[in-house]
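Coordinate inspection notes
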Amino acid sequence: MILVNSRYFAVWRVLLRRFSIPTTQNGHGADAAAHREYPVKRFVYVIANITALSGLLFGYDIGGSGGTFEMAGFRRFFGWPALGDKSDPAWVANQQGWITAMFSLGCIVGSLPSGFLTDFMGRKRCIIFLSFVFTVGAVIQLVPSGYQMLLAGRFISGVGVGGLSMAATLYQSETAPPKVADFPFDVRGLVVSIQQLSITAGILLAGGLNVGLQHWDEGWRISYGGKGFFSLLLMLLMICLPESPRWLVAQGKSEAAKASLGRIRQEEEVEGELAGIEEAVEAEAQMEKGAWKDLVSPVDFMLYRTMLGFGVQLLQQFSGINAVMYFAPVIFKKFLASEMAILANLAVALVNYLSTFLALYLVDRAGRRLLLVCGGLGMALFTALFALFTSAAFDYQNDKRLAGVIIACTALYVMNFAYSWGPLAWVVSAEIFPQRLRGKCMTITTLANWLTNFCIAKAVPVMILPEK
Ligand code: BGC
């Protein structure tokens, strides 16, 4: 529940302010802050907290399943061999791959109509609807009668998250104030950072719950279905929030937009901001719509930009992060007892969460490129060390000290991901495209992320099978 606790939110808000440097590229830096006349309403933070729950759902899904593969009750229920062996048979690895990958497959399907749905239903109703879809998926995962039903639940909650990631981010950016005095980033950067932080919080939460749940025969059901509690909460809380003023203006409902703005801005700001939104919506309507073929045009370096956005997302996934996020307990059991493997997974999730604060501190100070380069080098180094220490040259399966070193390498690898490629793949692909093509470009880059995510989820369990 940490994310809906406003004190928690306030803590990282203070951190952001403290570690910030002004950014000039976006006009929301020191000048903008200095010119902001009215304080941001507290309710804006409440909204940001509530919508960040969508990231928590995403993270919970990523971080929950791997631990269940090392739970005695789960293995018994699905007819897998009992705990004890250092590796699973191929058919179990295949099922592990499908259980994990079904979720990203759902995300792909859910992300495709999300642009249309947010325009058609409105941002708020769309988030409520998708939280409902997610909750249905979570309930199915709570009470599956077998493997197929679990897969169906994973897919349905994936559809919910796939759509929610887009709808919630859009809603957040449309309700955040245009000039944010308290925040060092432009709104997009801030929104992406909130999202990444809540994803890592979700991973941590799922990993933490697994530590306790493994001792209970039915505990795995909570690992899969417990997220339904948060999606239900998101659904109910969203009912109390205002609709996006920008969407209301686009629908020609200026009075409703004014009322909505009245809840999230100081009284004196409402008229001015409403006029600004009306102008922006009008300008957008006049703007020539970009076509799909423009994505590969040399004009404006579009081909280069598309390749860049596609590339960062693809490489984010091929960095192997989800081999760790999804399967750390399965990997660690090669040299640890299952119970310890689940605990070590929690430690890695904690490092992931904490290092994301480092990203908030560094993102505008160091710049995107330097962070990506340093993070990439760090990840390469610790992956190489991991590969070395788990090679035949070392007796890692029996040497306890070496087990500690391998876990440390994993944690340092994750740390390097969390301050760089984790948030920055999303930040970069949100900021390199021109406005008229941004929607299409982000659909493509997000798809690149989830497609590669799917491949990793499906391939890794088979890759960690013992050699014949
Ligand atoms: C990635 C996820 C990954 C997570 C780990 C996100 O940026 O897109 O695939 O599991 O970071 O923190």
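- Per an unreviewed UniProt entry, the protein chain goes by Hexose transporter 1 and derives from Nannochloropsis salina CCMP1776.
- Among the UniProt annotations of the protein chain, the heading Subunit (unreviewed entry) holds the following wording: "Homodimer."
- Reading the Subcellular location (unreviewed entry) entry of the UniProt record for the protein chain gives the comment "Membrane".

Thoughts on the environment of glycine 276
- With respect to the element layout, glycine 276 can be found in helix α15 (residues 267–286).
- On the accessibility criterion, glycine 276 (35% relative accessible area) is partly exposed.

Notes on the site of the ligand
- In the vicinity of the ligand there are 14 residues, among which Gln196, Gln316, Gln317, Asn322 and Trp426 approach most closely.
- Here an oxygen atom of the ligand sits 3.2 Å away from a polar atom, N or O, in the main chain of glycine 422.
- Within the residue set of the shell around the ligand, elements represented by two or more residues are α10 (187–213), α16 (302–318), α17 (321–332), α21 (421–431) and α22 (435–463).
- Among the elements that line the shell around the ligand, the one with the most residues is α10, at three residues.
- Here the residues of the shell around the ligand sort into five nonpolar, nine polar and no charged.

Describing the packing of aromatic side chains
- The tally for this structure, following the rule as stated, stands at 22 aromatic pairs.
- For the ring pair phenylalanine 58 and tryptophan 450, a centre distance of 6.1 Å and an interplane angle of 65° mean the geometry is edge-to-face. Of the two residues, phenylalanine 58 is situated in helix α4 (residues 53–68) and tryptophan 450 in helix α22; the sequence distance between them amounts to 392 residues.
- Given the relative accessible area of 8%, phenylalanine 58 is considered buried.

Focus on the side chain of asparagine 210
- Inspection of the secondary structure puts asparagine 210 in helix α10.
- For asparagine 210, the contacting residues outside a window of four places in its chain are Gly63, Gly64, Gly67, Thr68, Met71, Ser223 and Ile342.

Comments concerning helix α3 (residues 42–51)
- Buried residues dominate α3, accounting for seven of its ten residues.
- Residues Val44, Tyr45, Ile47, Ala48, Asn49, Ile50 and Thr51 constitute the buried set of α3.

Focus: unusual backbone geometry
- A positive phi angle, near 60°, is found at aspartate 300, a position not held by glycine.
- Examined against the element boundaries, aspartate 300 turns out to sit in the loop between α15 and α16.
- In this structure aspartate 300 comes out as partly exposed when scored by relative accessible area, which is 41%.
- At phenylalanine 301, a position not held by glycine, the phi torsion is positive, near 60°.

Focus: the pattern of salt bridges
- Overall, the coordinates contain 15 salt bridges when judged by the stated rule.
- Salt-bridge contacts for glutamate 70 lead to arginine 75; the nearest nitrogen and oxygen are separated by 3.9 Å. No difference in accessibility class separates glutamate 70 from arginine 75, as the two residues are buried.
- Note that glutamate 284 and arginine 246 form a salt bridge whose closest N and O atoms lie 2.6 Å from each other. With a gap of 38 residues between them, glutamate 284 in helix α15 and arginine 246 in helix α13 (residues 245–250) connect regions that are remote in the sequence.
- Under the relative-accessibility criterion, glutamate 284 is labelled partly exposed at 32%.
- A residue is classified by how much of its surface remains accessible, and arginine 246, at 24% relative accessible area, is partly exposed.

Re the packing of helix α8 (residues 123–142) against helix α12 (residues 227–239)
- In the contact formed by α8 and α12, the axes pass within 8 Å of each other and the chain directions differ by 160°. Comparing their axes, α12 and α8 come out roughly antiparallel. The way α8 lies across α12 gives a crossing that is left-handed. Taken together, the residues of α12 that come into contact with α8 (itself represented by Lys124, Ile127, Ile128, Ser131, Phe132, Phe134, Thr135, Ala138 and Gln141) are Lys227, Gly228, Ser231, Leu232, Leu234, Met235, Met238 and Ile239.
- Tallied by class, residues from the contact of α8 with α12 come to ten nonpolar, five polar and two charged.

Rules used in this analysis
Residues numbered from 1 in each chain as written. Predicted model: local features only at pLDDT ≥ 70, side-chain atom pairs only at ≥ 80, totals over all residues. Heavy atoms only, no water. UniProt positions renumbered as here; feature names shortened; annotations may be inferred. Helix = DSSP H or I, 4+ residues; strand = E, 2+ residues; numbered from the N terminus. Buried < 20%, exposed > 50% of the residue type's maximum accessible area, 1.4 Å probe, protein only. Near = heavy atom within 4 Å. Polar contact = N/O pair within 3.5 Å; in protein donor to acceptor, adjacent residues only side chain to side chain. Nonpolar A, V, L, I, M, F, W, Y, C, P; charged D, E, K, R; others polar. Phe/Tyr/Trp six-rings, centres within 6.5 Å; stacked < 30°, edge-to-face > 60°. Contact = heavy atoms within 4.5 Å. Salt bridge = Lys/Arg side-chain N within 4 Å of Asp/Glu carboxyl O. Axes fitted to C-alpha atoms, helices over the stretch in contact; angles between N-to-C directions. Parallel < 35°, antiparallel > 145°, perpendicular 65-115°, else oblique. Left-handed = near helix turned anticlockwise from the far one by under 90°.

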